Amino acid sequence: MKRSVNKTVMTQFLIILMVLCFGAVASAQNLPKPGDRIDKSNADQYKDLFPEFWMDAFYTGFDGMIKPLSINIKDRTSNPMPQPFMDATALNKGKYSIDAEGYIAGGPEKDIVGYPFPDLDKSDPQFIQKFMWNFDYKYTLDDGRGRFFNFEKRKGSPVSVSYVENSLINFQSRLYDDPKPVYETAQGYRNANLLRNLAPPVQRNFLTLLIRYIDQRAADTTYLYLPSMRRVLRGEAGERSTPIMSSTNAPDDFMGFSGRIPEFAYELIGEQNAIGLADAQMDYDSLKDKDINPDYLPVDMEGWEVRDVYVIGITPKNPKYPQGRKVIWVDKETMTCLYSAAWDRAGKLWKVWQVPISKEENHSGPHTIPYATNLGIDLQLGYATNMVCTWTLNGQGITDADISIAAMRKLGR
């Protein structure tokens, strides 16, 4: 037992050392200029501006999962949080704190609008915990509907494609659409995500509903509609770490990391420049009329930028959680994960993700910051997926009735 514990500690130490070295070297490296192209012929020159695992994307395409990257570097774009969100954030100065259990204290949870912790100070012993709560409360949308292709590839097999519709609603920190800033429900919902598979026929009308509550101590809820049974089943709370149908993503992996903040421990590994896909051009609409190469998952080669990121280590508090550790690379401006990686409980690299972001029209106001795609690769299974989405953001009139069990039954007929 002692030998096993020592091995785990050593593995985690090496992970931290690897990322620290990555950050220290990156700060001294020359950055690519707008218009430069990075491919396997010169990727080694910029290796310190990517997570170590991502370099294989240039050399082998993760053993043939994607076409080896040849990416174009563009001018850095500005993609700030909406001004109403930042105005609300300013009102939170000095209002909230973190209690001994890791929850936000200082007022009713439903009143949190904007970042709960403005003006963060890295000398604060609770800096990283407060940062992660800000990450959790960042603005994404009031509501929205998405259409996306889910591309799948197993090593040695051609690409397969499924088609999914997505409905999202935030009940808290709403900026543009009434009711705002809080849409109060009897169940105390904070946000909900309803996924409906439409094709291929074998997956048609399989539905997944994911719900998070304003009460920070309330466990998330998952519901599944099984068309073969015509029944809605309630999933176990632990299923947030179980991949959804035809994906490398578990709910906790969405957008790089979407776990419940108090259920994990965090450490700031470093901060640095990193190259990420921060102005994605590829989406569902751009691909829907194109032939897809059956040999590779599609990946956006344009819109890559040099960004400022925090590198953050995440460790689950539950010893039975399947991921032993995760590291995320968070864009400081957009508060989104450009990359994330997960190790299994034995300390072996397991899954890696790249999360492109883009500017999209907000039908109720200025642009907002959605996730364009989500490329995930299970290195141990030789399995990869890329979810490529187009959003219609805000003004969709989604209600709590639209994300109910009754709605699932109706859609599944």
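Heads up: the structure comes first, above all this text.
Residues numbered from 1 in each chain as written. Predicted model: local features only at pLDDT ≥ 70, side-chain atom pairs only at ≥ 80, totals over all residues. Heavy atoms only, no water.

Caption draft 1: Molecular detail of empty space enclosed by the protein. Counted under the stated rule, the structure contains five cavities of 30 Å³ or more. Lining of the largest cavity is provided by 42 residues; of these, Thr140, Leu168, Asn193, Phe254 and Met255 occupy positions nearest its centre. Top element by residues in the lining of the largest cavity is strand S7 (residues 189-199). It accounts for five residues. Across the lining of the largest cavity, the residue classes tally to 24 nonpolar, 12 polar and six charged. (1 Å grid on protein atoms, 1.4 Å probe; cavity = no way out; pocket = protein on both sides within 12 Å on 5 of 7 lines; lining within 4 Å. Points joined across faces, edges and corners; volume = space filled by probe spheres on them. Helix = DSSP H or I, 4+ residues; strand = E, 2+ residues; numbered from the N terminus. Nonpolar A, V, L, I, M, F, W, Y, C, P; charged D, E, K, R; others polar.)

Caption draft 2: A look at unusual backbone geometry. The omega torsion of the bond from Asp178 to Pro179 falls at -5 degrees, within 30 degrees of zero and hence cis. Mapped onto the elements, Pro179 comes out in the loop between strand S6 (160-170) and S7. In this model, Asp119 sits at a positive phi of 55 degrees, which is unusual for a non-glycine residue.

Caption draft 3: Examining the pattern of salt bridges more closely. Under the definition given, this model contains 25 salt bridges. With a closest N to O distance of 2.8 Å, Asp136 and Arg190 form a salt bridge. Here Asp136, found in helix H5 (residues 127-137), pairs with Arg190, found in strand S7; they are 54 residues apart in sequence, far enough to count as distant. Each member of the pair, Asp136 as well as Arg190, is classed as buried. Beyond isolated ion pairs, a larger network of salt bridges with shared partners links Asp136, Arg190, Arg212, Asp220, Arg260 and Glu263. (Salt bridge = Lys/Arg side-chain N within 4 Å of Asp/Glu carboxyl O. Buried < 20%, exposed > 50% of the residue type's maximum accessible area, 1.4 Å probe, protein only.)

Caption draft 4: Region of interest: the environment of Lys348. Checked against the element boundaries, Lys348 lands in the loop between strand S14 (337-344) and strand S15 (349-354). In this structure the C-alpha to C-alpha distance between Lys348 and Gln380, which are 32 residues apart in sequence, comes to 9.0 Å. Non-local contacts of Lys348, meaning those with residues more than four positions away in its chain, are made with Ala342, Trp343 and Gln380. (Contact = heavy atoms within 4.5 Å.)

Caption draft 5: Here's a closer look at the nonpolar core. Ranked by internal contacts, the top residues of the largest apolar core, which has 46 residues, are Phe50 and Trp54. Membership of the second largest hydrophobic core comes to 33 residues, among which are Tyr115, Ile128, Tyr321 and Ile357. (Core = buried A, V, L, I, M, F, W, Y, C linked by side-chain atoms within 4.5 Å.)

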